[in-house]
Amino acid sequence: MPDASDKSHLTFHASGDVTVVEFSDRKILDELSINEIGEELTGLVGRQPGIRLLLNFRNVEHLSSAALGMLIKLNQAIGEKRGSMKLSNISPQIYEVFKITRLNEVFDIHDTADRALAAF
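Computed from a predicted structure; not experimentally measured.

Our next topic: the overall build of the protein. What the protein contains, in helices and strands, is four helices and seven strands. In the protein, the succession of α and β elements from N to C terminus is β-β-β-α-β-β-α-β-α-β-α. A compact globule built from 120 residues would reach a C-alpha radius of gyration of about 14 Å, and the protein, at 14 Å, matches this within 12%. Taken along the three principal axes of its C-alpha coordinates, the protein extends 40 × 30 × 25 Å. The buried share among the 120 residues of the protein stands at 38%. Counting every atom, the protein has about 6,900 Å² of accessible surface; 49% of that belongs to carbon and sulfur. Positive and negative side-chain charges of the protein, numbering 13 and 17 respectively, have mean locations separated by a distance of 6 Å.

Another point: the packing of aromatic side chains. For any pair of aromatic rings, geometry is given as the distance between the ring centres together with the angle between the planes. Applying the stated rule across the entire model yields two aromatic pairs. An angle of 70° between the planes, with centres 5.9 Å apart, marks the rings of Phe98 and Phe107 as edge-to-face. One exposure class covers both Phe98 and Phe107, and it is buried. Cation over ring: Lys86 sits above Phe120, and NZ or CZ is 4.8 Å from the ring centre.

Extensive coverage of strand β6 (residues 84–88) is indicated by the burial of four of its five residues. Two strands pair when backbone bridges link them, and strand β4 (residues 52–56) and β6 are joined in this way by five bridges, in the parallel orientation. Pairing of Leu55 across the sheet is with Leu87, part of β6. At this point the chain moves from β6, through helix α3 (residues 92–100), to the parallel strand β7 (residues 108–110), and the crossover so formed is right-handed.

Procedures and definitions
Along each chain, numbering runs from 1 in the same order as the chain's sequence is written. Predicted model: local features are reported for residues with pLDDT of at least 70 only, side-chain atom pairs are reported and counted for 80 or more only, and whole-chain, interface and lining totals are derived from all residues. As a rule here, side-chain values come from all non-hydrogen atoms in the structure, and water together with hydrogens is ignored. Put simply, DSSP marks the helices as runs of H or I at least four residues long and the strands as runs of E at least two long, and each gets a number from the N terminus on. Within these notes, the globule rule equals 2.2 Å times the number of residues to the 0.38 power, and the radius of gyration is based on C-alpha atoms. Whether a residue is buried, partly exposed or exposed follows from its accessible area with a 1.4 Å probe, protein chains only, as a fraction of its type maximum: under 20%, in between, or over 50%, in that order. Calculation of accessible area relied on Shrake-Rupley with a 1.4 Å probe; when residues are assessed, cover is drawn exclusively from the protein chains displayed. This count recognises Lys and Arg as positive and Asp and Glu as negative, with His and chain-terminal groups excluded. Throughout, a charge is located at the NZ atom of Lys, the CZ atom of Arg, the CG atom of Asp or the CD atom of Glu. The pairing test for Phe, Tyr and Trp rings, Trp by its six-membered ring, is centres within 6.5 Å, and the orientation test on the planes gives stacked under 30 degrees, edge-to-face over 60, and tilted for anything in between. In this scheme, the term charge over a ring applies when either NZ of a lysine or CZ of an arginine sits within 6 Å of the ring centre and within 35 degrees of the ring normal. When DSSP locates at least two bridges between a pair of strands, those strands are taken to pair. A crossover counts as right-handed when, viewed with the strands pointing away from the observer, the path leading from the first strand over the helix to the second turns clockwise.

From the geometry alone we can't say anything about function, so treat these as descriptive.
This is the structure we're talking about:
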């Protein structure tokens, strides 16, 4: 039985040919967690060229600027592998940060996971 330190920050499931990722943590703030999430997602992208990835933020209440940086790098890696990524269910306060940093223009953001899946 894995102990709490082995708990993944992410859950994965497939919806057709789209890999849906949900964040387990309500707060994505500390550097160690962000690095682990980044490594897990980058590894996934590396194994699946042309990946169609949906990041569902429905459980997330707080996101640090370092987490935003990780998302930018992930988006670049997906682009290099000819894949695509969409984000969904971002809370209004986190979306405000995306707007202030103009990342809402960089990422394809949808209100719900269903709308994001339909947009692939």
